[in-house]
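# Coordinate inspection notes
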Amino acid sequence: MSNNRVSRRQFLNYTLTGVGGFMAAGMLTPMIRFAIDPVLQHKGAGDFLPTSQKVAELTDTPVKVSFSFEQVDAWYKSEVSAMAWVYKEGDKVIALSPVCKHLGCTVGWEGSPSHKNEFFCACHAGRYTKDGGNIEGTPPQGPLDQYEVEEKDGLLYLGPIIPNTLVKK
Amino acid sequence: MQFHAKDVSDVLANKTFIDTVIVPVISIDFSETTMIQSSSAADYITNLTNFIEHQFRGRILLLPPMTYASGIDQTAQLAQMQEKIIAAGFKHVFFMTSEHEIHKLNEQFAVIWLPAIPLESMDNNMKQKILEDQLAKVIPLFTDKWANQN
Ligand code: FES
């Protein structure tokens, strides 16, 4: 029986390792959590912002759809308004970012009377086809970005901005 | 572009494209009866010029507002500012204001005068609408200038 007895030294060893382990875990958990937190945060419907545009009312002509969200910049909270050009291609809803890929002006649908069926940037006469493709010979060097879209209760929701998926190069 | 370090470095890198400067001009009036009106007008011009910047940021540099104590003649200040802007290589300078006393200088300078609209009583949608309407009014002033020069 004597070799089953826990000596004073072993007892101290066990308890200290145990307590130390808890302490280490206590310190590490928040650190690890902190490091991988962005991974744990789930991306999903929450990132889509509601608009007042009814999906059923969209046609194949792009319309301006405005939406707004709150932006916090250090201590300064502000309501930011943004917009997208939205139209339907068959059943598919397409939302393009209006931000010109040249230097960031806002492009308009048929913004120039001499260029029908195109997006036009008034700043330096940048032109884009309806799917956002930049037209050679005008300043923009890439196609307009796209928004991810979702439909909820008949209304259009706009998600993150993604690179243009429509234009084939 | 805004007058902050990041945008200004874009301006310097794209000088041939960003050839227009907007200077908001705002008077500050401390008299008890008109101070509220003065602040509301300042807010309006700030909002509107920012909205314009957002639409035309690839061609326009928006400066921080020139403010002055109301009633004090600004001809010299505007002239100096304009001279510096042109000397820096920009082609067009617009002063945007809702002050009558600045409007009177429009023979000498490109002054865009707009009556102040009190935005403080409006919700965001309404504000957005008003700014869009006002923007539609001023767009031709810019595009005409740009078209004449090219
Ligand atoms: S910013 Fe659109 S063409 Fe230059």
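For clarity, every value in this text was computed on a predicted model and none was experimentally measured. (Residues numbered from 1 in each chain as written. Chains lettered and ligands numbered in written order. Predicted model: local features only at pLDDT ≥ 70, side-chain atom pairs only at ≥ 80, totals over all residues. Heavy atoms only, no water.)

## Side note on the overall build of chain A
In plain terms, the rule: Labels follow the DSSP assignment, with helices taken as runs of H or I lasting at least four residues and strands as runs of E lasting at least two, numbered in each case from the N terminus. Burial classification: accessible surface area is computed with a 1.4 Å probe over protein chains only, and a residue below 20% of its type maximum counts as buried, one above 50% as exposed, and the rest as partly exposed. Should any heavy atoms of two residues lie within 4.5 Å, those residues are counted as being in contact. Using a 1.4 Å probe, the Shrake-Rupley method yields the accessible areas, and only the shown protein chains count as cover for residues.
Tallying secondary structure elements over chain A gives one helix and nine strands in all. Ordering the α and β elements of chain A from the N terminus gives α-β-β-β-β-β-β-β-β-β. For chain A, the proportion of its 169 residues judged to be buried stands at 33%. Summarising the internal contacts of chain A: among those between residues at least 6 apart in sequence, 41% fall at separations of at least 24. Counting every atom, chain A has about 11,200 Å² of accessible surface; 58% of that belongs to carbon and sulfur.

## Some words on the domain arrangement of chain A
Heads up, the rule is: Domain borders in the structure are assigned automatically or taken from a domain database.
Per the domain assignment, the segments making up chain A are domain 1 (1-41) and domain 2 (49-162). For domain 1 of chain A and domain 2 of chain A, the distance between their C-alpha centroids amounts to 55 Å.

## So, unusual backbone geometry
All names here are of chain A. With a phi angle near 55°, Ala-74 is a residue other than glycine that sits in the positive phi range. Inspection of the secondary structure assignment puts Ala-74 in the loop between β2 (63-73) and β3 (76-89). Judged by its relative accessible area of 61%, Ala-74 falls in the exposed class. Not every positive phi belongs to a glycine, and Asp-153 is a case in point at roughly 50°. Along the polypeptide, Asp-153 turns up in the loop between β8 (146-152) and β9 (155-162). The class of Asp-153 is exposed, set by a relative accessible area of 75%.

## A closer look at the sheet that holds β3 of chain A
Residue and element names in this part refer to chain A. Let me state the cut-off plainly: By the convention used here, strands pair only if DSSP detects at least 2 bridges between them. Angles here are taken between N-to-C directions and fall from 0 to 180 degrees, while the axes themselves are lines fitted to C-alpha atoms, restricted in helices to the stretch in contact.
Reading across from one edge, β1-β9-β8-β4-β3-β2 is the order of the six strands in this open sheet, with antiparallel pairing throughout. At either end of the open sheet lies a strand with only one pairing partner, and these are β1 (49-54) and β2. Averaged over all adjacent pairs, the angle separating strand axes in this sheet is 40°, with direction ignored. Pairing between strand β4 (residues 92-96) and β8: two bridges, direction antiparallel. Across the sheet, Ala-95 pairs through a bridge with Tyr-147, a residue of β8.

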